Structures are given as C-alpha cells and as structure tokens.
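The chain contents come next:
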Amino acid sequence: MHILFINYNFPGQGGVETATATLANAFQRSGKIVSIIKFRNTENGDNSKIDPSVKVDQFPDTQKLDSQINLVFLQNYICEGEVDLIINQEIYSDMYLLLQRVNNRPKRGIITVEHNAPDAKIEILKNYLNNEKRGNSLKGYIKPMFHPYLLYRATQHEKKRHKILYEISSKYVLLSKKYVGKFEYLISDVNLTKLCFIPNPTNFDLLKAEGGILKKKKTIIFVGRLDNPQKGIDRLLKVWKAVFSEHPSWELLIIGDGPDRKMLEEYVSAKGIQRVNFLGHQTSVINFYRNASIICLTSTVEGFPMVLIEAMAQGVVPVVYKSFKAASDIIENNISGFTIEAFNEDYYISKLKLLMSNAEMLHQMSANAKSHADRFNISRTLERWEQMLE
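About the cut-offs
- Residues numbered from 1 in each chain as written.
- Predicted model: local features only at pLDDT ≥ 70, side-chain atom pairs only at ≥ 80, totals over all residues.
- Heavy atoms only, no water.
- Pairing = 2+ DSSP bridges.
- Helix = DSSP H or I, 4+ residues; strand = E, 2+ residues; numbered from the N terminus.
- Axes fitted to C-alpha atoms, helices over the stretch in contact; angles between N-to-C directions.
- Contact = heavy atoms within 4.5 Å.
- Buried < 20%, exposed > 50% of the residue type's maximum accessible area, 1.4 Å probe, protein only.
- Arc of directions from axis to C-beta.
- Salt bridge = Lys/Arg side-chain N within 4 Å of Asp/Glu carboxyl O.
- Parallel < 35°, antiparallel > 145°, perpendicular 65-115°, else oblique.
- Left-handed = near helix turned anticlockwise from the far one by under 90°.
- Nonpolar A, V, L, I, M, F, W, Y, C, P; charged D, E, K, R; others polar.

S.K.: Let's hear about the sheet that holds strand S2 (residues 33–40): which residues, and what values?
M.R.: Pairing in this open sheet of seven strands is parallel, and the strands run S3-S2-S1-S4-S5-S6-S7 from one edge to the other. Lying at the two open borders of the sheet, with one neighbouring strand each, are strand S3 (55–58) and strand S7 (195–197). Neighbour-to-neighbour, the strand axes of the sheet open up by a mean angle of 25 degrees, direction not taken into account. Inspection of the sheet shows strand S5 (residues 110–114) paired to strand S6 (residues 171–174) by four bridges, in the parallel sense. Bridging from a neighbouring strand, glutamate 114 pairs with leucine 174 of S6. Here helix H1 (residues 15–29) sits on the sheet and contacts strand S1 (2–9), S2 and strand S4 (85–88); the angle it forms with S1, its principal contact strand, is near 165 degrees.

S.K.: Break down helix H11 (residues 261–271) for me, with residues and values.
M.R.: Each turn of an α-helix holds 3.6 residues, which means side chains three or four residues apart point in the same direction. By the burial criterion, the buried members of H11 are Leu264, Tyr267 and Val268. Along H11, the residues classed as buried sweep out an arc of 95 degrees about the axis, all on the same side. Of the exposed residues in H11, those oriented more than 90 degrees away from the buried face are Lys262, Ser269 and Ala270. Buried residues belonging to H11 abut helix H9 (228–231), helix H10 (233–243) and strand S10 (276–280). Directly beyond the C-terminal end of H11, a positive phi value near 65 degrees is found at glycine 272.

S.K.: Any details on the pattern of salt bridges? Residues and values, ideally.
M.R.: Any two side chains of opposite charge can pair, on the condition that their charged atoms come close. In the structure shown here, the tally under the stated rule is 15 salt bridges. Across the salt bridge formed by lysine 126 and glutamate 123, the nearest N and O atoms sit 3.4 Å from each other. Of this pair, lysine 126 and glutamate 123 both sit in helix H4 (residues 120–130), three residues apart, roughly one helical turn. Using a relative accessible area of 34% as the deciding quantity, one classes lysine 126 as partly exposed. In this structure, the salt-bridge partner of aspartate 329 is lysine 178, at a minimum N-O distance of 2.9 Å. Of the two residues, aspartate 329 is situated in helix H14 (residues 327–330) and lysine 178 in the loop between S6 and helix H7 (180–186); the sequence distance between them amounts to 151 residues.

S.K.: Can you lay out the packing of H10 against H11 for me, pointing to particular residues and giving the numbers?
M.R.: The geometry of H10 relative to H11 is characterised by a closest axis approach of 11 Å and an angle of 25 degrees between their N-to-C directions. By the criterion of interaxial angle, the relationship of H10 to H11 is roughly parallel. H10 and H11 meet at a crossing whose hand is right-handed. Between H10 and H11, the residues in contact are Ile233, Asp234, Leu237, Lys238 and Lys241 and Leu264, Tyr267, Val268 and Lys271, respectively. Looking at the contact of H10 with H11 residue by residue, the class counts come to five nonpolar, no polar and four charged.

Shape is all these values report; function is a separate question.
What follows is the structure, encoded as structure tokens:
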C-alpha cells in the first residue's frame, strides 16, 4: 500500500509535523510505501525525525495552494506513484479547495485528520473579541456591536470548510470521541461510522533513547508556539507572578518561539515578573522534559497536545486548564496531574503552589504521569490506524 501524507508545513517541531513524522515512520516500518507532499518548508524544520526511505516532495507553487499547477502536480503524483490512500493533515488552509478538485482520488480515498478541536478557530476568535481593548472612544463603544457578525461569519466559514472536508473524505479522524458534539455543531447529519477517534502518537523509543529520567529540578516549563490568542501564555505569566515570590528557588522556562514573543517579554519586564526565561526555539526539548518537574498549559483551546504526553513520559507533572475536551483523556485529575476549570486563575494558582511545596505529592504524580503516558505509545496508535484501514 502506498500512503501519501498531505501537509501544509513539513518538517517541524509542531504537533502536526511531529505526528506526521512519527506515523509515517511507523507505516514505513510496517512495510508500506510512504510519501509526504508539503506546501511550505517549516522554519527551523528538522529532517532527522523522518526515515530516509520516506519520500518528501513539495508542491511546485508555494504561493497559491489550490492553484492549477498544484492540482496537476497532485493528480500526476497519485497516478504515477500509484497512491492508494491520502492522509490529509491540513485543516486550516485552502488545502480543502485543492483536494475537492482532485478527480482521480486514490482507491482507498482520503482520510482527513482534525488536529485540533473542531471549533478551535471560533473559540480563539471569541477569546480575542472578549479580551479586545476597547478604550473610551466612540470607536471603542461601536466595535463590540460588530462582534456577533464577526462570529457568525467565522462560524459559517468553518461550517463550509468542514462540510467539504467531510464530504470528500472516506474517513474523518478526531483526536478524541469527546469532540463529536463540537463536530456535529459544524456539520449536520453526521454519519458516526465515518468518524474514527485516534489520538496523536508519541515516539517513546526516541524519548527512551536519550537516557533515563534525571533527578528533577525546581523547574516549570511551557513548550509551544508563542501564539497568545491560542496558547494564552499571558495567563501562565499571571499565575507565575502570583507564585514565584513564595518559591524563589523555582524557575519558569518558556520554550518556543512565535509572533507574540516580544509582547510577552515586554509584559514580563513591565510587570516585574522574575525568574522567567524565554529560551526560543529548541531543536530538541527532551532534556528540558527530563529536568523539569511541572509542565503548564493555559491555552484558550487545544486538540490533543503532544507536548503533554511527551513531558509525562519523562515524569513531568501537567497542570492545565480544561479548555479542551481531550484534557481528561490525557490526564487523570489529582493522580497524574491537575486539570483546572477554565479559566479559574485562583484555583490554578493553589494547585501549582501545592505541587511546588509538596515534594512527596510531586514525586508520586511524576511516577503516575510516566505510567499513564504509555497509553499513547506509537505501537498502540498504529494498531488503531491498521484496524481502521482493514
């Protein structure tokens, strides 16, 4: 069987790129032919994650994704490469417009994977509008009057895009069964037999190859793209401001880069928040996982954040807001970490302080986190994919 992955970016440190590389390598090892077509090269991409026998190509037109040039390229690729199945890893760009026009779809069809909550774009917009600075000007009073229209327009766009993707796909993969309700909100008359529920895989062999868990340091980490509307890093900084003075031997490391890094660094400086280090993009984060005690997420919305599973596999205890349905799939509250009602800042602060001051609890939760993370081993994920493909 020849499986073709379609990605917007590749390679890269992001969750979609990492999941693609991990699954592509697993399919290749199982005897399948695997190829990847990308639209763009990811900045700071790392090709070492992908098996050399996996062929990686790029669409010729890197300016307009759904161009005629790219359509002809893809159709020829399917025909000449005798592609049996397309796995579409891209939801948010115009990839759906390109795939809709393919007239020689593979015999096994197209499987679309939703790597976020189905309504993620809507929730991010809601959060932005709710927190938009209005001021006291006339414009500040008028702007909120247009918010319902902006949300309506965004919702209609999401419904259109999801409807097309759903219709052209032979199977549609959600990262958790708990996202069915959100999916049905966007698409009426969903055939549940067409939906499959498979979490993203984690390559534990790679994690283990780096060595065993080190003695943990008094370190809290955030790992991810510094895109504040989605990731809500400012919420974490507010929490840290409330706890660091009581725990001066601890530090917060912000690992990752993105459009809001400068704004967040200026926020830390303006508020006088201490013991925060912005480390930028890191080629490998495994050693940070091995040393850290706690990982925090304060996101507006997520899908199935792989950084949590990767960190838990190294005994890092997660503390997250329940702003995404799959949080309880990953974390067993009060056992392998804490899931906090979104966005109860006081409760988040209390749980973080509890972990930072209770070494015995932290040690036990660390062991539980490491044990629970094994549920998302690539071998288990691959079994579910193989069952779906039967």
